[in-house]
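Analysis of the macromolecular model
So you can see what is in the structure, the chains are spelled out below.
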Amino acid sequence: TLPFAVVPAVRAGPLAGIWLGDAGAGVAHLVPLALGYTLLNVPVQVLSNLMVGVGRVGSVVRPAVAAVVVNLVLPVVLVGPLGPEGAFLASLGGAAVLVPPLLLAGCAAVGVPVRPFLAEACRTPFLGAAAAVAAAGAVLALPLGDLATVAVGGAAGFEAHALVRQ
């Protein structure tokens, strides 16, 4: 999941340029905000499925409902003063409401303290993501067009991620 969030976030400018042409420059900064939700949810993706599987559905549903409410209300509040960025920041607010209770309940369900879980479950994926960001970001310095930058940067990012994950 992480490389599919961080590599496009780093490649946001060229991706927006390919997709929207000159208008892409005005929206490229929204891509990392949109993908931030995925990054925040990485630690609890498996835990929420595990809790449903062991019959702790309420531990998943309660924070999910709270996150939905935040995702419905916060954009209305933030879009006026912040513009489109407000909608994306609102989704991050929803994730902030969702992730901590799922993380605590999931770790309790499997009998693992939160800190060791995060260290073991997140260290390698986040190191891989950091390598992907570094490799994909380095390609931005090359004098390439948008399409070549996306292709070469994406390949470099995914390859760096794979090397770290081995």
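Residues numbered from 1 in each chain as written. Predicted model: local features only at pLDDT ≥ 70, side-chain atom pairs only at ≥ 80, totals over all residues. Heavy atoms only, no water.

**Here we look at helix H4 (residues 45-53)**
Our working rule: Each residue is placed in one exposure class: buried if its accessible area under a 1.4 Å probe, protein chains only, is under 20% of its type's maximum, exposed if it is over 50%, and partly exposed if it falls in between. Labels follow the DSSP assignment, with helices taken as runs of H or I lasting at least four residues and strands as runs of E lasting at least two, numbered in each case from the N terminus. The arc in question is traced by the directions running from the helix axis to the C-beta atoms. Contact definition: two residues touch when any of their heavy atoms are within 4.5 Å.
Of all the residues in H4, the buried ones are Leu47, Ser48 and Met51. Along the axis of H4, the buried residues cluster in a sector spanning 100°; they form a single face. Seen from the buried face of H4, the exposed residues on the opposite side, beyond 90 degrees, are Val46, Asn49 and Gly53. If you follow the buried residues of H4, they end up packed against helix H5 (57-82), helix H6 (84-110) and helix H7 (114-139). After H4 finishes, the residue Gly55 shows a positive phi value of roughly 85°.

**Re the nonpolar core**
The condition is simple: For the purposes of this section, nonpolar cores are sets of buried Ala, Val, Leu, Ile, Met, Phe, Trp, Tyr and Cys residues that join through side-chain atoms within 4.5 Å.
Core analysis: the biggest nonpolar cluster contains 12 residues, these being Val44, Leu47, Met51, Val60, Ala67, Leu98, Val99, Leu102, Leu103, Ala105, Cys107 and Phe117. Those elements that provide at least two residues to this core are H4, H5 and H6. For this core, the leading source of residues is H6, giving 6 residues. Aside from chain neighbours lying at most four places away, what touches Val44 is Val99, Leu102 and Leu103.

**Observations regarding the packing of H4 against H6**
Stated formally: To obtain each axis, a line is fitted to C-alpha atoms, and for helices this fit is confined to the stretch in contact; angles are then taken between N-to-C directions over 0 to 180 degrees. Any angle between 65 and 115 degrees counts as roughly perpendicular, while under 35 counts as roughly parallel, over 145 as roughly antiparallel, and the rest as oblique. When the near helix sits turned anticlockwise from the far one by under a right angle, the crossing is termed left-handed; a clockwise turn instead gives a right-handed crossing. Residues were grouped as follows: Ala, Val, Leu, Ile, Met, Phe, Trp, Tyr, Cys and Pro as nonpolar; Asp, Glu, Lys and Arg as charged; and all remaining residues, including Gly, as polar.
Put simply, H4 and H6 touch, their axes get as near as 9 Å, and they point 55° apart. Compared by their axis directions, H4 and H6 come out oblique. For H4 against H6, the interelement crossing comes out left-handed. Contacts between H4 and H6 involve Leu47, Ser48, Leu50 and Met51 on the former and, on the latter, Leu102, Leu103, Ala105, Gly106, Cys107, Ala109 and Val110. Considered class by class, the residues forming the contact of H4 with H6 number 9 nonpolar, 2 polar and no charged.

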